[in-house]
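Below are the chains, spelled out letter by letter.
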Amino acid sequence: MIYQFGLGVALSGAIPKELAFFLAEFNFPQLSPHLLSSLSPVYPDGFPGLALLLLRVSLGWLFILHGYPKITHLRRWAESLKTPVFLCFLSAASMLGGGIFLIIGFVTLLATLPILCSMIFAIYLHISGSKPFVAQDPYLIPQEQYQGALGQGEPPSWEKAFMYCVMLIAIAVLGPGAYSLDALIFGS
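Residues numbered from 1 in each chain as written. Predicted model: local features only at pLDDT ≥ 70, side-chain atom pairs only at ≥ 80, totals over all residues. Heavy atoms only, no water.

Student: Lay out the overall build of the protein chain with the relevant residues and their values.
Tutor: A count of helical and extended segments in the protein chain gives eight helices and zero strands. Overall, the protein chain shows an N-to-C arrangement of helices and strands of α-α-α-α-α-α-α-α. Of all 188 residues assigned to the protein chain, the portion counted as buried reaches 31%. By sequence separation, contacts in the protein chain at least 24 residues apart represent 75% of the contacts at least 6 residues apart. If you sum the accessible surface of the protein chain, you get close to 12,000 Å²; carbon and sulfur atoms cover 71% of it. (Helix = DSSP H or I, 4+ residues; strand = E, 2+ residues; numbered from the N terminus. Buried < 20%, exposed > 50% of the residue type's maximum accessible area, 1.4 Å probe, protein only. Contact = heavy atoms within 4.5 Å. Areas by Shrake-Rupley, 256 points an atom, 1.4 Å probe, with all protein chains shown as cover.)

What follows is the structure, given as structure tokens:
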């Protein structure tokens, strides 16, 4: 009940009184503590739960791999993006912390949302820089422009950020599955 009180207090200043009275007439059972976990109150087990575990842990590990170098070289990363250091810090911290929370399956919805915002911003940066959705195959690019996985990096495109968004949305909607701390804490 305390979370409903807190939500009510938080929303009381943001929602006009007419809309608040309208919303008060309805019962929203989905606004429960499990909302920290996902948009679904169900924690699938068996094969679907294992698939969600694989997706969650894989994605969490990838975001740790992306977030750690960004947070350790924050100024250089901010300068290359021409973005304020504070915003880059928020993005890198969301990747690093969110990745850890995704792996253990704790407050999964709250872990996905900041990373999703970072990925949407990455898509915006790529689109505003006229980068393609899918880059040309690396083997068709002249050697001086691409040096492989151990070289300068992959051709610029926003395909990877888009796919991360799709995976994060899937986890946010479907939840972390039965093999998570969220299921242990919020599951019924």
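Resuming the write-up.
Student: Give a description of helix H3 (residues 46–72) that names residues and reports values.
Tutor: Helix length check: H3, at 27 residues, gives a terminal C-alpha distance of 39 Å against a target of 39 Å (1.5 Å per residue), a fit within 8%. Taken together, the buried positions of H3 are Gly-49, Leu-52, Arg-56, Leu-59, Gly-60, Phe-63, Ile-64, Gly-67 and Lys-70. Of the surrounding elements, those touching the buried residues of H3 are helix H4 (74–81), helix H5 (85–104), helix H6 (108–128) and helix H7 (159–174). (Expected span 1.5 Å × (residues − 1).)

Student: Run through the environment of Cys-88, naming residues and quoting values.
Tutor: Inspection of the secondary structure puts Cys-88 in helix H5. Between the C-alpha atoms of Cys-88 and Ser-118, which are 30 residues apart in sequence, the distance is 9.1 Å. Excluding its chain neighbours within four sequence positions, the residues that come into contact with Cys-88 are Leu-74, Trp-77, Ala-78, Leu-81 and Thr-83.

Student: Which residues make up the environment of Ser-180, and what are the values?
Tutor: By secondary structure assignment, the location of Ser-180 is in the loop between H7 and helix H8 (181–186). The exposure class of Ser-180 is buried, given its relative accessible area of 10%. Through-space distance from the C-alpha of Ser-180 to that of Gly-105 is 4.5 Å; in sequence the pair is 75 residues apart. Not counting residues up to four positions away in its chain, the partners in contact with Ser-180 are Arg-56, Ile-104 and Gly-105.

Student: Pulling in residues and values, what's your account of the state of the cysteines?
Tutor: Per the counting criterion, the structure on display carries zero disulfides. Of all cysteine sulfurs in the structure, the one in Cys-165 sits closest to Cys-117, which takes part in no disulfide; the separation is 9.2 Å. (Disulfide = S-S within 2.5 Å.)

Student: Got a sec to walk through a nonpolar patch on the surface? Specific residues and values, please.
Tutor: Taken together, the side chains of Ile-100, Phe-101, Ile-104, Leu-181, Leu-184 and Ile-185 define a hydrophobic patch exposed on the protein surface, amounting to about 540 Å² of accessible area. Counting only elements with at least two residues in the nonpolar patch, the list comes to H5 and H8. (Patch = residues over 30% accessible without salt bridge, like charges linked within 9 Å, V, L, I, M, F, W, Y side chains within 5 Å. Salt bridge = Lys/Arg side-chain N within 4 Å of Asp/Glu carboxyl O.)

Student: Give me the nonpolar core: which residues, what numbers.
Tutor: Of all hydrophobic cores here, the largest spans 16 residues; its most connected members are Leu-59, Phe-63, Leu-102, Ile-115, Met-119 and Leu-168. Sorting the residues of this core by element identifies H3, H5, H6 and H7 as the ones contributing at least two each. The biggest single contributor to this core is H6, with six residues. Counting five residues, the second-largest nonpolar core is a separate cluster that includes Leu-74, Ala-78, Cys-88 and Ala-92. (Core = buried A, V, L, I, M, F, W, Y, C linked by side-chain atoms within 4.5 Å.)

Student: Can you lay out the packing of H6 against H7 for me, pointing to particular residues and giving the numbers?
Tutor: A packed helix pair is summarised by two numbers, namely the angle formed by the two axes and the spacing between the axes. Close contact between H6 and H7 brings their axes to 9 Å; oriented N to C, the two are set at 160°. Taken together, H6 and H7 sit at an angle that is classed as roughly antiparallel. Where H6 crosses over H7, the two elements pack in a sense that is left-handed. Note on element contacts: H7 touches H6 through Ala-161, Phe-162, Tyr-164, Cys-165, Leu-168, Ile-169, Ile-171 and Ala-172, opposite Thr-108, Leu-109, Thr-112, Ile-115, Leu-116, Met-119, Ile-120, Ala-122 and Ile-123. By residue class, the composition of the contact of H6 with H7 is 15 nonpolar, two polar and no charged. (Axes fitted to C-alpha atoms, helices over the stretch in contact; angles between N-to-C directions. Parallel < 35°, antiparallel > 145°, perpendicular 65-115°, else oblique. Left-handed = near helix turned anticlockwise from the far one by under 90°. Nonpolar A, V, L, I, M, F, W, Y, C, P; charged D, E, K, R; others polar.)

Student: Explain the packing of H5 against H6 residue by residue, including any values.
Tutor: Orientation of H5 relative to H6, taken along the N-to-C sense of each, is 145°, at an axis distance of 9 Å. Handedness of the crossing formed by H5 with H6: left-handed. Each of Ser-91, Ser-94, Met-95, Gly-98, Gly-99, Phe-101 and Leu-102 in H5 lies in contact with H6, whose residues at this interface are Thr-108, Ala-111, Thr-112, Pro-114, Ile-115, Ser-118 and Met-119. Taken together, the residues of the contact of H5 with H6 sort by class into seven nonpolar, seven polar and no charged.

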